[in-house]
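Structural overview
Below, each chain spelled out in residue letters.
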Amino acid sequence: MKHILALCAATALASPAFAEQPVTINFTAEIDGKAFSCTETYDNLGSTDASVKGTDYRMFVSAPALIRTDGTLQPIALEQDGKWQVDDIALLDFEDGTAGCNGTGNPDMNTSLRGTVPEGEYQGLAFNIAVPFEKNHGDPTLAPAPLNATGMFWNWRGGYRFVRIDMVPTDKAENGPKGWFLHLGSTLCKAASKTEAPSACANPNNLSVTFAEFDPASNVVVIDPAPVVADADLRINAADTSPGCMSFPGDADCVTVMEKLGMPYEDIPAGPQQLVSVR
């Protein structure tokens with residue numbers, strides 16, 4: 001049976017016909033079903049049952065919408081809080097800057113989207129894990145928060161990291177990587193240099209997520225990279241490539257990963273995305 005979210009005014013007389021109703025979408029970050037913490041160690045990950053510590057865990061979400069009972073989308077008007085949400089973009093931050101996260105993180109955290117929708121009946125949720133192209137390739141030092149998070153930015157040509165989940169193997173192979181990083185962002189972007197905005201990106205790598213059934217009052221969006229890296233060896237790194245998989249072509253560490261993010265990779269077609277689920 002579908003979960004129907006009815007957002008109604010207390011009485012017809014107490015509110016206008018198209019009253020806006022508050023809505024909060026809660027997210028939780030996990031690694032292999034275990035709540036993310038900068039102090040935890042996570043065992044039995046990837047193809048060689050590696051043990052890792054998390055050192056960063058952030059992602060951008062954009063264009064959030066509730067799905068009406070007739071199947072149409074109702075965009076969520078995000079609260080413009082001057083810190084985590086601007087326009088239809090939000091930064092989710094699950095690290096608190098302690099322990100292994102003190103190199104790139106900070107104490108502030110954000111684990112929800114907050115906004116309003118017109119009163120009505122809703123049954124599902126849709127959003128993108130991405131920064132829209134027109135806002136993805138500017139100067140982050142001049143951008144409003146949260147787009148001023150330089151730790152989530154590659155360069156003008158590449159734009160933002162839409163997903164940044166950094167893991168460090170504690171049992172790495174001899175001469176293994178200092179870290180195994182899962183970064184999703186746009187690649188093969190055409191620009192004369194890294195400091196110029198591109199005209200287009202051959203691989204936008206925008207991840208669209210839709211849940212036909214979702215009730216903000218009882219459901220939570222779960223982020224978990226364990227299924228995505230299930231066939232990757234987190235204890236080693238392909239020679240002459242960035243640590244882990246950062247979405248770029250020609251990286252052997254991405255071969256089993258990108259398809260599980262719902263992205264085609266070289267000659268490998270996209271599979272169902274396995275990063276995000278609902279509980």
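What you are looking at is a predicted structure, and each value in this text was computed from that prediction instead of being measured.

Time to look at the overall build of the chain. The helix and strand inventory of the chain stands at 0 helices and 19 strands. Expected size for 279 residues packed as a compact globule is a radius of gyration near 19 Å; at 19 Å, the chain falls within 12% of this value. With the C-alpha coordinates of the chain rotated into their principal frame, the extents come out at 70 × 45 × 40 Å. When the 279 residues of the chain are sorted by exposure, 49% land in the buried category. In the chain, the share of contacts with a sequence separation of at least 24, taken over all contacts with a separation of at least 6, comes to 67%. Accessible surface, the chain as shown: approximately 12,400 Å² in total, 53% of it carbon and sulfur. With 18 positive and 35 negative side-chain charges, the chain shows a separation of 4 Å between the mean positions of the two kinds.

Residue proline 146 is reached from alanine 145 by a cis peptide bond, and omega for that bond is 5°. Along the polypeptide, proline 146 turns up in the loop between strand E11 (120–129) and strand E12 (153–155). One non-glycine residue with positive phi stands out, namely aspartate 32, at about 55°. Positionally, aspartate 32 belongs in the loop between strand E2 (20–31) and strand E3 (34–35). Of note, the phi angle at alanine 99 is positive, near 45°, even though the residue is not glycine. Here alanine 99 lies in the loop between strand E9 (89–93) and strand E10 (112–118). Using a relative accessible area of 40% as the deciding quantity, one classes alanine 99 as partly exposed.

A word on the confidence of the model for the chain. Scored by pLDDT, the chain has a mean of 92; 94% of the residues are at 70 or more. Below a pLDDT of 50 lies the segment residues 6–16, which in the model reaches 15 contacts outside its immediate sequence neighbourhood of four places, other chains included.

Mapped onto the elements, asparagine 136 comes out in the loop between E11 and E12. The exposure class of asparagine 136 is buried, given its relative accessible area of 1%. One polar contact links the side chain of asparagine 136 to the main-chain amide nitrogen of tyrosine 160, over a distance of 2.9 Å.

Glancing now at the state of the cysteines. One pass over the structure, following the stated rule, counts 3 disulfides. The residue that forms a disulfide with cysteine 189 is cysteine 201, at a sulfur-sulfur distance of 2.0 Å. Classification of the bridge connecting cysteine 189 and cysteine 201 rests on its S-S torsion, roughly 105°, and on that basis the disulfide is right-handed. Of the two residues, cysteine 189 is situated in strand E15 (residues 187–189) and cysteine 201 in strand E16 (residues 201–203); the sequence distance between them amounts to 12 residues.

For the structure shown, the criterion picks out 6 aromatic pairs. Summarising the aromatic geometry, the rings of phenylalanine 36 and tyrosine 57 are spaced 4.8 Å apart at their centres and angled 55° between planes, so their arrangement reads as tilted. In this pair, phenylalanine 36 is assigned in the loop between E3 and strand E4 (41–45) and tyrosine 57 in strand E5 (residues 50–68), connecting sequence segments 21 residues apart. You can call tyrosine 57 buried: its relative accessible area is 1%. Geometrically, the ring pair formed by phenylalanine 153 and tyrosine 160 is edge-to-face, given 4.8 Å between the ring centres and 70° between the ring planes. Taken individually, phenylalanine 153 and tyrosine 160 each receive the classification buried, so the pair is uniform in this respect. An aromatic cluster of at least three residues, connected via ring pairs, comprises Phe36, Tyr57 and Phe94.

Here is what the cut-offs are and how they apply
Residues numbered from 1 in each chain as written. Predicted model: local features only at pLDDT ≥ 70, side-chain atom pairs only at ≥ 80, totals over all residues. Heavy atoms only, no water. Helix = DSSP H or I, 4+ residues; strand = E, 2+ residues; numbered from the N terminus. Rg over C-alpha atoms; globule rule 2.2 N^0.38 Å. Buried < 20%, exposed > 50% of the residue type's maximum accessible area, 1.4 Å probe, protein only. Contact = heavy atoms within 4.5 Å. Areas by Shrake-Rupley, 256 points an atom, 1.4 Å probe, with all protein chains shown as cover. Lys, Arg positive; Asp, Glu negative; His and termini not counted. Charge placed at Lys NZ, Arg CZ, Asp CG, Glu CD. pLDDT = per-residue confidence, 0-100. Polar contact = N/O pair within 3.5 Å; in protein donor to acceptor, adjacent residues only side chain to side chain. Disulfide = S-S within 2.5 Å. Phe/Tyr/Trp six-rings, centres within 6.5 Å; stacked < 30°, edge-to-face > 60°.

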